[in-house]
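Observations on the model geometry
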Amino acid sequence: RSPSRRADARPNVPRVPIEFRLDGRSLGRADTDERGIARFKTTAPEAGDHQVKAVYDGTKDLQRAEYTALCVVRQAADPLLVVDVDWTLAMTDDLNTAAGGVDCPPLVGAPEGLTALAKSHTVVYVTSRARQLRKRTISWLFRYGFPRGASFYLDPSEYPTYDVVAYKTALSKQLTASFSGIKIGIGNDAEDVAAYEAAGLRALAIGKHPIANAQSVPTWAEVEKAVSGASVPAPKGP
């Protein structure tokens with residue numbers, strides 16, 4: 001939606017070999033396709049958090065590169081919680097980092113509230129930020145003490161118009177099809193709620209303004225109570 005989301009774009013490089021590693025152990029190699037994407041299928045490791053690394057050795061014309069990601073393996077029925085980022089956890093779009101601007105604070109109580117929920121749920125961050133902002137987003141979450149969890153980002157090549165509802169709906173449906181333990185999605189606007197509703201999730205909306213088809217939660221201080229199914233005070237916005 002914002003031009004800044006495309007600021008980190010890099011040209012795709014087709015037909016180059018990528019080595020895939022799991023927890024430091026080499027799994028094998030796969031070549032990139034015409035879009036510069038390499039895919040490698042393997043059996044899921046045991047339940048837990050694992051490190052996956054994609055490595056390109058480079059040539060005289062292309063620099064060596066590595067890409068590290070968290071691989072979160074859970075049983076289908078384990079409790080998971082879908083959470084948005086912008087204006088749900090962070091007090092601005094894009095964290096102002098795409099253009100090199102000033103950092104932003106989290107919503108009051110968000111790190112503490114989500115950390116408390118992470119004791120009983122695996123957190124799944126689903127944001128409409130472009131995938132080029134992945135590293136910056138993860139760094140921000142770590143800096144402010146948010147719990148570690150899986151994270152998903154919009155791919156502009158698949159959603160060039162940044163259709164947030166289409167992207168979040170498709171992803172939420174994929175997640176719920178594989179994980180019956182996902183019951184709730186936390187967001188802040190009608191786009192989040194529409195995607196959660198389409199995927200069969202109960203939606204919690206953070207903020208002072210009620211949103212149709214969602215349970216409104218004024219602040220993060222009430223979120224843990226709302227997740228448990230308890231009622232919370234109604235928003236008192238203007």
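Rules and cut-offs
- Residues numbered from 1 in each chain as written.
- Predicted model: local features only at pLDDT ≥ 70, side-chain atom pairs only at ≥ 80, totals over all residues.
- Heavy atoms only, no water.
- Pairing = 2+ DSSP bridges.
- Helix = DSSP H or I, 4+ residues; strand = E, 2+ residues; numbered from the N terminus.
- Right-handed = clockwise from strand over helix to strand, strands pointing away.
- Axes fitted to C-alpha atoms, helices over the stretch in contact; angles between N-to-C directions.
- Phe/Tyr/Trp six-rings, centres within 6.5 Å; stacked < 30°, edge-to-face > 60°.
- Buried < 20%, exposed > 50% of the residue type's maximum accessible area, 1.4 Å probe, protein only.
- Salt bridge = Lys/Arg side-chain N within 4 Å of Asp/Glu carboxyl O.

1. Comments concerning the pairing of strand β7 (residues 150–154)
Summarising the sheet, strand β6 (residues 122–130) and β7 pair through four bridges and their orientation is parallel. In the strand pairing of β7, Tyr125 is matched with Ser151. Between the parallel pair β6 and β7, the chain is carried across by helix α2 (residues 134–143), and the sense of this crossover is right-handed.

2. Overview of the sheet that holds strand β2 (residues 25–31)
Reading across from one edge, β2-β1-β3-β4 is the order of the four strands in this open sheet, with antiparallel pairing throughout. The sheet is open, and its two edges are formed by β2 and β4 (65–73), each paired on a single side. For this sheet the average axis-to-axis angle between neighbouring strands, irrespective of direction, equals 25 degrees. One ladder, built from six bridges, connects strand β1 (residues 17–22) with β2; its direction is antiparallel. Each residue of the ladder has a partner; that of Arg21, found in β2, is Ser26.

3. Topic: the packing of aromatic side chains
Under the counting rule described, the total for this entry stands at four aromatic pairs. Measuring from ring centre to ring centre gives 5.4 Å for Trp140 and Phe146, while their planes differ by 25 degrees; the resulting arrangement is stacked. Using a relative accessible area of 1% as the deciding quantity, one classes Trp140 as buried. Look at Tyr159 and Tyr167: their rings are 5.7 Å apart centre to centre, the planes differ by 70 degrees, and that puts the pair in the edge-to-face class. Accessibility expressed as a relative area gives 18% for Tyr159, which makes it buried. The exposure class of Tyr167 is buried, given its relative accessible area of 5%.

4. Some details on the pattern of salt bridges
Throughout the structure, instances matching the rule amount to 13 salt bridges. Across the salt bridge formed by Glu19 and Arg21, the nearest N and O atoms sit 3.2 Å from each other. One salt bridge in this structure joins Arg39 and Asp33, with 3.2 Å as the shortest N-O distance. Asp33 gets classed as partly exposed once you look at its relative accessible area, which sits at 26%. Each of Arg35, Arg131 and Asp155 takes part in one network of salt bridges that share partners.

That's the geometry; what it means functionally is another story.
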